Amino acid sequence: MLELRAYRSDDLDALYSICLETGDAGRDATALHNDPKLVGHIYSAPYGVLEPHNVFIAEDDLGVAGYIVGTHDTKRFAESLEAEWWPDLRLFYADSEDMTEADKARIATINAPSNAPSDLTIAYPAHIHMNLLPRLRGQRVGTNLLKMWVDQARKAGVRGIHLGANVTNEGGIAFWSKSGFNELRREPSVVWFGMAL
Ligand SMILES: CC(C)(COP(=O)(O)OP(=O)(O)OC[C@H]1O[C@@H](n2cnc3c(N)ncnc32)[C@H](O)[C@@H]1OP(=O)(O)O)[C@@H](O)C(=O)NCCC(=O)NCCS
């Protein structure tokens, strides 16, 4: 049985674990990290904590196995992160030891978050991330979670949504290309997509 539903605060651990298990351009990043929460600190948890109403969850008999997270206003969300999310993490990771190269790269992002190009955030103010564990893939769960998010954003008057996909994430790129997103720009490591609502 599969349920697509609103986020609850007790889903936070699942946001962290799914993010790690899909955090290497769609593949499992567990082996890359000594600290299992670093990927989720950036790409999933802050949405559950700061914008829980913009998170939808996919849960089957085995538990929570997928999510879509995002914000309607990327610029305002970045300001909230600076005020309420990054400062504690920067302190926590200031003197970290035994970090892998992947851990260090994530800590660098926490210290200096990378933002989408500003022209994209003006034209497409919202952004999303979606991650499903392998057992849910290829069954239109992603399509249905995306529809829930887009319907809510449209009702809220959002103009457009952007997202960045790692250039090596062929599955992700194929999915967004088939799901109403247009490729806007290609950088060495990221492909930017946008959808006008
Ligand atoms: C990418 C992801 C969200 C897609 O969700 P999904 O539920 O598997 O996709 P759907 O079943 O809804 O597929 C919708 C369409 O995308 C296509 N698609 C999905 N995954 C694909 C893949 N790996 N390769 C090629 N096409 C793919 C489907 O064939 C389908 O096309 P159709 O409409 O012509 O039939 C999911 O596979 C996932 O979470 N992957 C790991 C994390 C990730 O990479 N997230 C995206 C980061 S940018």
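Shown above is the structure to which this text applies.
Computed from a prediction, not measured in an experiment: that's the story for all the values here.

(A) Just the overall build of the protein, in detail. Regarding its fold elements, the protein presents 9 helices and 7 strands. Each of the three principal axes of the protein carries a C-alpha extent, and together these read 45 × 40 × 30 Å. Within the protein, buried positions represent 49% of all 197 residues. Sequence-distant contacts in the protein: of pairs separated by 6 or more residues, those separated by 24 or more amount to 71%.

(B) Focus on the site of the ligand. Taken together, 18 residues lie around the ligand, and L132, R140, G142, T143 and N169 are the ones closest in. Take R137: an N or O atom from its side chain is 3.4 Å from a nitrogen atom of the ligand. Within the contact set of the ligand, an oxygen atom lies 2.7 Å away from a side-chain nitrogen or oxygen of N169. In isolation the ligand offers 910 Å² of accessible surface; the protein chains occlude 72% of this area.

(C) Local environment of the pairing of strand β3 (residues 63–71). Among the 9 residues of β3, 9 are classified as buried, and the element is accordingly described as predominantly covered. Here strand β2 (residues 56–60) pairs with β3 via 5 bridges, running antiparallel. Considered in β3, the bridge of A58 is made with G66. Here β2 folds back onto β3 in antiparallel fashion, the turn holding 2 residues. Across 6 bridges, β3 lies against strand β4 (residues 126–132) in antiparallel orientation. In the sheet register, V69 faces β4, and the bridge partner there is H129.

(D) Quick peek at the nonpolar core. By size, the foremost hydrophobic cluster in this structure holds 52 residues, and its most contacted members are I128, W176 and F181. Apart from residues no more than four positions distant in its own chain, F181 is found in contact with I128, L146, I161, L163, W176, F193, G194 and M195.

(E) Layout of the side chain of T100. Tracing the backbone through its elements, the reader meets T100 in the loop between α5 (86–92) and α6 (101–111). Among the polar contacts made by the side chain of T100, one reaches the main-chain carbonyl oxygen of L32 at a distance of 2.7 Å. Excluding its chain neighbours within four sequence positions, the residues that come into contact with T100 are L32, H33 and N34.

Rules used throughout
- Residues numbered from 1 in each chain as written.
- Predicted model: local features only at pLDDT ≥ 70, side-chain atom pairs only at ≥ 80, totals over all residues.
- Heavy atoms only, no water.
- Helix = DSSP H or I, 4+ residues; strand = E, 2+ residues; numbered from the N terminus.
- Buried < 20%, exposed > 50% of the residue type's maximum accessible area, 1.4 Å probe, protein only.
- Contact = heavy atoms within 4.5 Å.
- Near = heavy atom within 4 Å.
- Polar contact = N/O pair within 3.5 Å; in protein donor to acceptor, adjacent residues only side chain to side chain.
- Areas by Shrake-Rupley, 256 points an atom, 1.4 Å probe, with all protein chains shown as cover.
- Pairing = 2+ DSSP bridges.
- Core = buried A, V, L, I, M, F, W, Y, C linked by side-chain atoms within 4.5 Å.

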